[in-house]
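A closer look at the structure
One-letter residues, chain by chain:
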Amino acid sequence: MNKRHVLCGVTSICLVAATLAVEPVVELSKPVPVASDGRVLVKGTQSLPQATPESQGVDSAAVLKWVEAAHALDSVHSFVLVRHGKVIAQGAWAPYDLDRPHQLYSHSKSFTSTAIGFLVDDGLLDLDELVCEIFPEKFPSDADLKMKMLRVRDLLTMNTGCTDIDYPRRRPEEPDWVKSFFATPVGVNPGTRYRYDSCATHMLAAIVEKKTGKKTMDFLDERLFRPLGFGTIYSHTSPTGVACGGWGMYARTPDLAKFGQLYLQEGLWNGERILSRDWVRLATAKHTMSGFPPARSPIMDWTSGYGFQFWRCRHNAYRADGSHGQYTVVMPDQDAVLSATCCLLDMGKLLQITWDILLPAMKDAPRAENAAERQALADRLAGLQLPVVVGEKIAAHPLPVQAFPLEDNRRGYTAVRLEPTDKGLVCRLTVDKVGEQTFAVGDGVWAQSAIYVCEKGKTFEVLGDLLDEQPVSASGAWTAPDRFTVKLLFTDQAHRLILDFVNTDGVWSVKGDHVGLAGCTFRSR
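Computed from a predicted model, the values in this text were never measured in an experiment. The written sequence of each chain sets the order in which its residues are numbered from 1. For this predicted model, a pLDDT threshold of at least 70 governs which residues receive local features, and a threshold of 80 or more governs which side-chain atom pairs are given and counted, while totals over whole chains, interfaces and linings are taken from all residues. Based on all heavy atoms of the structure, the side-chain values leave hydrogens and waters out of the count.

**Thoughts on the overall build of the protein**
Using the following cut-off: Labels follow the DSSP assignment, with helices taken as runs of H or I lasting at least four residues and strands as runs of E lasting at least two, numbered in each case from the N terminus. Residue exposure (1.4 Å probe, protein chains only): buried if accessible area is under 20% of the type maximum, exposed if over 50%, otherwise partly exposed. The contact definition used throughout considers only heavy atoms, calling two residues in contact when any of these lie within 4.5 Å. Each accessible area is a Shrake-Rupley estimate made with a 1.4 Å probe; only the visible protein chains count as cover when residues are assessed.
Looking only at helices and strands, the protein has 11 helices and 24 strands in total. Counting all 525 residues of the protein, 59% fall into the buried class. Taking all contacts inside the protein whose residues are at least 6 apart in sequence as the whole, residues at least 24 apart take part in 65%. Accessible surface, the protein as shown: approximately 19,800 Å² in total, 51% of it carbon and sulfur.

Here is the structure:
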């Protein structure tokens, strides 16, 4: 099992509507993550109160319109919408589940920033403290002079001056990412130029652990997760056991919404001060110019400025933001929070439908209750499901059953083959350093399995790795008389794999597309 720090909670009940599949889904037991030393920390979850959309000034029809627009994107996995501190809608597209932790990618950064905020509130850290003085035992004597000028606030605002982002994770000869970070080339003075770098956030996590003598997740558990009643949440770590910080966290979408609500309430929770108002305002303000627009996305939401590991948005909003659409969007002017998990190729589209549909629908006064519209929304939420592969049934045509060697690719997939069995179709995918992995392929349904796609026993996560056994769901169909398509969803992740088996003049071949960080396309040899 990989090195990760795990906190587990009991399953909570869906507040607004159950998340049910339209088609029957093959059941798979949900393994509870445990820490590398076998510890499981169980704590009770607390749920935000629920209310009808109309009672909080939003028409159910507008929420349903947003849900349909989200359904049309490829693809949204789950969401929780909060207005005036109450959940007015939430749901997950089967086979995804609100009660399973989902990969957060860079949404993790906002949690790490919050841990720094606690240190500042406690007087244990000064934002202008020099990073080299926090780690004198790891700072090289021949370090660049500019690296000696690096302050904590420069890490928070992604103004490190480093010219080679992600440098520490590409140096396998040095397992200590703090030492590697100090060896990163520095081009300009820290504090003078924005450049997004997840390893800067790893340094923040290392600072938390150095200052507190505790693991980052233990510290956050005491100060944030337990007070807010989080369920299962965990983080992967570096080779030396320090939380990744800038990535690597997994959490439930309802807990992300509580995190956003804490910030919306400027650090208050049930009348108690959890985090200082000064920190909330400081962390979410614009401190630097930003520019990191995903291709084809509305650029303003990535150039509205960057705070302390939070992005500024249009409409006076701000957000925690992870690759492929892991979002917590806080909208102070509307007194609202939206959290979502996704695997989007164009992250900006989810923000755009939120600005276009939800913001105009949020009124100051309650709306008249409309039972028909409310029921229509509830019915839609109860039936959310990602579309299975659409086409003819598996038995409609003879399947290719030979093994297909694959061209070299970034994910290490080396071969694939289909195999009909008496229990249904399975796909056997061979992965470098892992071996052959088998998953069921549903016929008009999502069939659930579990596979490895990363070296077993690997003890740390490089961005894009899918460590440990992965729960997956797959569907297959003939999308044309000469093409059989398999779609595989990694149901804790922002990853999916599409395999097309194509018959061209009697000769079969395979085309593959792994969508997600460190994704790739590939073909059979």
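**Quick notes on the environment of alanine 480**
Structurally, alanine 480 is set in strand E20 (residues 470–480). As a C-alpha pair, alanine 480 and valine 502 span 22 residues in sequence and 9.1 Å in three-dimensional space.

**Section: the packing of aromatic side chains**
Selection rule: To pair, rings of Phe, Tyr and Trp, with the six-membered ring standing in for Trp, must have centres within 6.5 Å; the planes then decide the type, stacked if under 30 degrees apart, edge-to-face if over 60, and tilted in the middle.
One pass over the full model with this rule turns up 27 aromatic pairs. A centroid spacing of 6.4 Å and a plane angle of 75 degrees characterise the contact between tyrosine 194 and tryptophan 311, whose relative ring orientation is edge-to-face. Linking tyrosine 194 in the loop between helix H5 (177–182) and helix H6 (198–212) with tryptophan 311 in strand E10 (residues 311–312), this pair joins segments that are 117 residues apart in sequence. For tyrosine 194, a relative accessible area of 14% translates into the label buried. An aromatic cluster of at least three residues, connected via ring pairs, comprises Phe111, Phe225, Phe230, Phe259, Tyr263, Phe310 and Tyr318.

**Notes on the pattern of salt bridges**
Cut-off, in case you're wondering: Salt bridges are identified by distance alone: a Lys or Arg side-chain nitrogen within 4 Å of an Asp or Glu carboxyl oxygen.
The full count for this structure, using the stated rule, is 27 salt bridges. One salt bridge connects aspartate 99 with arginine 252, and the closest N-O pair in it is separated by 3.2 Å. Taken as a pair, aspartate 99 in the loop between strand E4 (86–92) and strand E5 (102–103) and arginine 252 in the loop between strand E7 (249–251) and helix H8 (253–264) lie far apart in primary sequence, 153 residues in all. According to the relative accessible area criterion, aspartate 99 is partly exposed, its value standing at 25%. In this structure, aspartate 255 and arginine 252 form a salt bridge, with 2.8 Å as the shortest nitrogen-oxygen distance.

**Thoughts on the nonpolar core**
Applied cut-off: In this text, buried Ala, Val, Leu, Ile, Met, Phe, Trp, Tyr and Cys residues form a nonpolar core when linked through side-chain atoms within 4.5 Å.
Counting residues in hydrophobic clusters, the biggest one holds 116 residues, and the most contacted among them are Trp66, Phe79, Phe111 and Leu350. Leaving out residues up to four positions away in the same chain, phenylalanine 111 has contacts with Leu104, Leu220, Leu224, Phe225, Phe230, Met249, Leu256 and Phe259. Ranked by size, the runner-up nonpolar core spans 31 residues in total, among them Phe404, Val416, Ala474 and Phe501.

**Observations concerning the sheet that holds strand E14 (residues 404–405)**
Strands belonging to one sheet form pairs held by backbone hydrogen bonds; the direction of such a pair is parallel or antiparallel. Put simply, the rule reads: Whether two strands pair depends on DSSP finding at least two bridges between them.
One open sheet holds the 4 strands; their spatial order is E14-E15-E16-E17, and the pairing between them is antiparallel. Since the sheet does not close on itself, it has two edges, and those belong to E14 and strand E17 (435–440), each with one partner. Bridge count for strand E16 (residues 424–431) against E17 is 6 bridges, and the pairing is antiparallel. Note that in E17 the partner of cysteine 427 across the bridge is phenylalanine 439.

**Some points on the sheet that holds strand E13 (residues 336–342)**
Our working rule: Every angle, taken between N-to-C directions, lies between 0 and 180 degrees, and every axis is a line fitted to C-alpha atoms, over only the stretch in contact when it is a helix.
Spatial strand order, E4-E3-E13-E12-E11-E10: 6 strands in an open sheet with antiparallel pairing. Looking at strand neighbours, the two that pair on one side only are E4 and E10, the edges of this open sheet. Summarising the sheet, strand E11 (residues 318–322) and strand E12 (residues 326–331) pair through 5 bridges and their orientation is antiparallel. Directly across from glycine 322, in E12, lies its bridge partner glutamine 326. Taken strand by strand, helix H1 (residues 60–71) contacts strand E3 (76–83), E4 and E13, and its axis lies near 160 degrees from that of E3.

**What to know about the environment of cysteine 343**
Inspection of the secondary structure assignment puts cysteine 343 in the loop between E13 and helix H10 (348–361). C-alpha of cysteine 343 to C-alpha of histidine 77: the two residues are 266 residues apart in sequence and 7.3 Å apart in space. Apart from the residues within four sequence positions on either side, cysteine 343 is in contact with Asp74, Ser75, His77, His324, Ala494, His495, Arg496 and Val515.

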